[in-house]
Amino acid sequence: MVRYIANKFFYMLVSLFILISATFFLMKAIPGDPFTSEKKVPPAILANLYEQYGLDKPVYQQYLKYLGDVVQGDFGISMKKINQDVSDIIGQTFSASLKLGVVAIVVAVIVGVLLGMLAALYHRKLIDNVAMVLAVLGIAVPSFVVASLLQFIFASKLHWLPTMGFKGPMYYILPVAALTAQPIAFIARLTRSSMLEVLHADYIKTAKAKGLNWFAILFRHVIRNGIMPVVTYLGPMTANIVTGSVVIEQIFGIGGIGKQFVEAIGVRDYPVIMGITIFYGILLMLARFLTDIAYIFVDPRIKLSKGKEG
Amino acid sequence: MDNNPIQVMQTPVDLKPEDFRKIGTDEKQAEVIQRESISAWRDAWYRLRSNKLAMTALGVLLLIVIASLVGPLISQWVHGYNYYSNDLMNTNQKPSALHWFGTDDLGRDVWVRTWMGARISLIVGLAAACIDLLIGVIYGGIMGYFGGRVDEIMNKFSEIIYSIPYLLVTILLLVVMEPSLGTIILALTITGWINMSWIVRGEIMQLKSREFVLASRSMGAGSGRLLFRHLLPNAVGPIIVTVTLSVPNAIFAEAFLSFLGLGVQAPIASLGSMINDALTGWLYYPWRMLFPAAVISLTMLAFNIFGDGLRDALDPKLKK
C-alpha cells in the first residue's frame, strides 16, 4: 500500500512539474513582454525594469528561478497591481473561495447521496422519477444558467435572498445551489445505480433471510457498499466545483480567487494568471491524490497491483 | 373458422388454414432461414426507435440544427435584417413581432444572433468531438492492440496529461494564442481525446482475444488489417456513444471560456458569449439571456439524453 501511495504521489509530482513548465514556457512564448505595450520608455529604464523582474537573464535561468520560487510558494509579482505579490493576492482571496468550495462539496455529497438513496429505495416510484428528471436537468443545464436563473427568481423577483456579495449565511445559498446542481445530479445518479445493484445482491438476500432488521441492513450493508462510487467521484467533483466557482464568483460578486483569475485574464496579468493556474493545479491534483488514497480505505477489495492488469 | 386457434390468439394478421403447409422433416429444409435476417445495426435502430425519450431528443437536436441553419435566413426574408444589421433606435427591446427574441444593447436582433450562436456552438462541439475521435481512436487503438510495454508507456503518458485539469490547460493555451474558432477547438481537444482513447483501448483489449481475431490472424491478416477491419468496427458502438456525449461537454467548455473572455471573439457570437454579454443587464433585459440559455440547455440536454438512449440501444447488456 505504501508503494501504491508513493507511486501515485510520484505521478502527481510529475503532472505538477509538467503543468508548471508548460505554464512558464507558454507565457514566455507570448511575443513581447509586459513593458513593450507601454508608452515609449527610455532604454535605461527598460533595462532597469528588466533587471528588476529578472527578465534580463537567459530563459533557462528564469525558468529555474521560477521553479525554485514556486516550490517556496512564491509566484512572483503582479504586473498590473504594482508591487503586489501574486501569493498575497491568492492568500487574501483564498478564504472566500475556500469557504464557498467546502460548503459546496459538503452540500453536494449529502444532498446527492440522499437523493440517490431515496431514488433507489423507491425505485420506479414517483420520488425516483422526480429525482432522475432533476438529475438529467442538473447535468445538462450549465451552472451559469442555473446561477443566473436562481439570481433572477429568488433575489431579483422574490427578494428572498441577497443578489450579490458574501457577507453572511444567507449569501451562501444561491451560489452553493448553482455550484452544486451538477455534482448533486451526478452523485445522485451514481448512488442510485450502485445502490440498486447492491439491493439486488445476494448478501442482502442473506441478510434479509437471517432476519436482520431493515435499518441494520440499510446502514451496515447497503449504504456502505452503495456509496463506494461516490468516493471515486470526489476528485473530479472538486475540480468541477473549483473551476465552476470561477464563473459563480463572477456572477454573485464574491471576491474569491476565481474573480481574481477572471480579472487577471481580462487585463492579461501574466504572473497572476500563472500563479492562480498553478495554485488551482496543485489544489486539484491534491484532491485527486487524496481521492485515490481514500478509495483504498473505503474499498478493501481494490487491487493494489495496478499496471499488471489487462 | 370459429374454432381456428389462430383466431383465439387474436393475431392481427388474418391467417387461413391454406396459409400453412407441411415442410416435412427434410433436414436441408429445416436449416433454411425463413425470416429476413436483422443486422446488429437494424436491431439497434429498432431499439432506439422504441425509446420515445431518445427519439424526442433526436427530434429536438434536428430542430435546433435546422433552426440554426435557416433561423437567420427567415429574419432576412420576413423583416429584411440579418446578422450584421443593428437597429440603434431600438436597443434592448422586448420580444415583439419585429424582433421575435428582442434586441440587445447594440440593437442587434437576438433571434438571429441566437441561431448564429447555436451554429457556432454546434460547430465547436462537433469539430472538437471529431478531432477527439480521430486522435482517441488512433492512440487508443495502438495502446489496446499492442499492449505490453507500448501500452504501459502510452497509458502513463495519457494519465499524466489527464491529471492536469483540462480547463486550466485550455485557458492557458487561449491566453497565449489569440482566441479564434480554430484555436478554441484546438485548445478543447488538447486533453479531450484521452477519454476516447481509454474507451477504445478497453474495447480493443476485450476484442483482441476473441476467436474471430484469431481466425483472421491465422489467415495471415496483418496488424493494420486486424485493427481497422476487425477490431475497430466492432468497437464502433461505445465510440459513437462517447462522441455523442462529448459534444455537449465541448459546447459547455466553450461557453465557460466565453465567460472568461476567451471564447469566440466579437463580432462572432456563440451561445456562451451571448449569455456572457447579457449578464451585465440581465436583471433588466432577461430575454437577452433567456433565449440563448434555453437553446444551450436544450442542446446539452438533448445530446445527453440521446447519447444515453444510443448507449442502451447499441449495448443492451448495459441496460438493467
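What counts and what doesn't
Residues numbered from 1 in each chain as written. Chains lettered and ligands numbered in written order. Predicted model: local features only at pLDDT ≥ 70, side-chain atom pairs only at ≥ 80, totals over all residues. Helix = DSSP H or I, 4+ residues; strand = E, 2+ residues; numbered from the N terminus. Buried ≥ 20, exposed ≤ 12 C-beta atoms within 10 Å, placed from the backbone. Contact = placed C-beta atoms within 7 Å. Core = buried A, V, L, I, M, F, W, Y, C linked by C-beta atoms within 7 Å. UniProt positions renumbered as here; feature names shortened; annotations may be inferred. Nonpolar A, V, L, I, M, F, W, Y, C, P; charged D, E, K, R; others polar. pLDDT = per-residue confidence, 0-100. Axes fitted to C-alpha atoms, helices over the stretch in contact; angles between N-to-C directions. Parallel < 35°, antiparallel > 145°, perpendicular 65-115°, else oblique. Left-handed = near helix turned anticlockwise from the far one by under 90°.

Overview of the overall build of chain B
- The number of helices and strands found in chain B is 13 helices and zero strands.
- The buried share of chain B, taken over its 320 residues, is 41%.
- If you take every contact in chain B between residues at least 6 apart in sequence, the share linking residues at least 24 apart comes to 68%.

Focus: the overall build of chain A
- A count of helices and strands for chain A gives 12 helices and zero strands.
- Its helices and strands in sequence order give chain A the pattern α-α-α-α-α-α-α-α-α-α-α-α, from N to C terminus.
- Projecting the C-alpha coordinates of chain A onto the three principal axes gives extents of approximately 85 × 60 × 30 Å.
- Per-residue burial for chain A yields a buried fraction of 36% across its 310 residues.
- Put simply, of all contacts in chain A between residues at least 6 apart along the chain, 73% involve residues at least 24 apart.

A closer look at the nonpolar core
- Ranked by internal contacts, the top residues of the largest apolar core, which has 152 residues, are Ala178, Ile187 and Ile276 of chain A.
- The residues contacting Ile187 of chain A, other than those within four sequence positions of it, are Ala108, Val109, Gly112, Val113, Gly116, Val230 and Tyr233 of chain A.

Section: the UniProt feature "domain: ABC transmembrane type-1" (unreviewed entry) in chain A
- As annotated in UniProt, the feature "domain: ABC transmembrane type-1" (unreviewed entry) corresponds to residues 94–291 of chain A in the numbering used here.
- Taken end to end, residues 94–291 of chain A is 84% helix and 0% strand, and its first and last C-alpha atoms sit 22 Å apart.

A word on the UniProt feature "transmembrane region" (unreviewed entry) in chain B
Residues and elements named next belong to chain B.
- The UniProt record annotates "transmembrane region" (unreviewed entry) at residues 53–74, 120–148, 160–177, 183–200, 226–245, 251–275 and 287–306.
- From the first C-alpha to the last, residues 53–74 spans 29 Å; its make-up is 100% helix and 0% strand.
- Counted over residues 287–306, helix gives 100% and strand 0%. Its end C-alpha atoms are 28 Å apart.

Examining the UniProt feature "transmembrane region" (unreviewed entry) in chain A
Residues and elements named next belong to chain A.
- In this structure's numbering, the residues bearing the UniProt feature "transmembrane region" (unreviewed entry) are residues 9–30, 100–122, 129–150, 170–188, 230–252 and 272–298.
- Here residues 170–188 runs as 100% helix and 0% strand, with 25 Å between its end C-alpha atoms.
- Here residues 230–252 is 100% helix and 0% strand, with 29 Å between the C-alpha atoms at its ends.

Focus on the interface of chain B and chain A
- On the chain A side, the residues contacting the 32 residues of chain B number 36 residues.
- Here the side of chain B that touches chain A gets nine residues from one element, more than from any other, and that element is helix H13 (residues 286–314) of chain B.
- A breakdown of the residues in the side of chain B that touches chain A according to their chemical character gives 26 nonpolar, four polar and two charged.

So, helix H7 (residues 166–176) of chain B
- Of all 11 residues in H7 of chain B, nine are buried, a share of seventy percent or more.
- Every buried residue of H7 of chain B is listed here: Tyr166, Leu167, Leu168, Val169, Thr170, Ile171, Leu172, Leu174 and Val175 of chain B.

Side note on the confidence of the model for chain A
- The predicted model of chain A averages 81 in pLDDT, with 93% of residues at 70 or higher.
- Across residues 305–310 of chain A, where pLDDT falls below 50, the model places three contacts with residues more than four positions away in sequence or in other chains.

Things to note about the UniProt feature "domain: ABC transmembrane type-1" (unreviewed entry) in chain B
- Within this structure's numbering, the places UniProt gives as "domain: ABC transmembrane type-1" (unreviewed entry) are residues 118–307 of chain B.
- Segment residues 118–307 of chain B splits into 83% helix and 0% strand. End C-alpha atoms: 19 Å apart.

A word on the environment of Ala239 of chain A
- Turning to its location among the elements, Ala239 of chain A is positioned in helix H10 (residues 228–252).
- On the basis of neighbour counts, which here come to 20 C-beta atoms within 10 Å, the residue Ala239 of chain A falls in the buried class.
- With 38 residues separating them along the chain, Ala239 of chain A and Thr277 of chain A place their C-alpha atoms 13 Å apart.
- In contact with Ala239 of chain A, not counting residues within four places along its chain, are Leu284 and Ala287 of chain A together with Pro165 of chain B.

Things to note about the environment of Pro179 of chain B
Residue and element names in this part refer to chain B.
- Following the sequence through the fold, Pro179 ends up in the loop between H7 and helix H8 (181–207).
- Under the C-beta neighbour-count criterion, Pro179 is labelled partly exposed, with 19 such atoms within 10 Å.
- Put simply, Pro179 and Leu48 are 131 residues apart on the chain and 39 Å apart in space, counted from C-alpha to C-alpha.
- Excluding its chain neighbours within four sequence positions, the residues that come into contact with Pro179 are Leu174, Ile184, Leu262, Gly263, Val264 and Gln265.

Comments concerning the packing of helix H7 (residues 170–199) of chain A against helix H9 (residues 214–226) of chain A
Residue and element names in this part refer to chain A.
- With their axes 8 Å apart at the nearest point, H7 and H9 run at an angle of 140° to one another. Comparing the axis directions of H7 and H9 gives the class oblique. H7 and H9 meet at a crossing whose hand is right-handed. Along its contact with H7, which presents Thr191, Ser194, Met195, Val198 and Leu199, the element H9 presents Val222, Asn225 and Gly226.
- By residue class, the composition of the contact of H7 with H9 is four nonpolar, four polar and no charged.

Describing unusual backbone geometry
All names here are of chain A.
- With phi around 65°, Arg124 is a residue other than glycine that occupies positive phi space.
- Even without glycine at this site, His159 takes up a positive phi of about 55°.
- Along the chain, His159 turns up in the loop between helix H6 (143–157) and H7.

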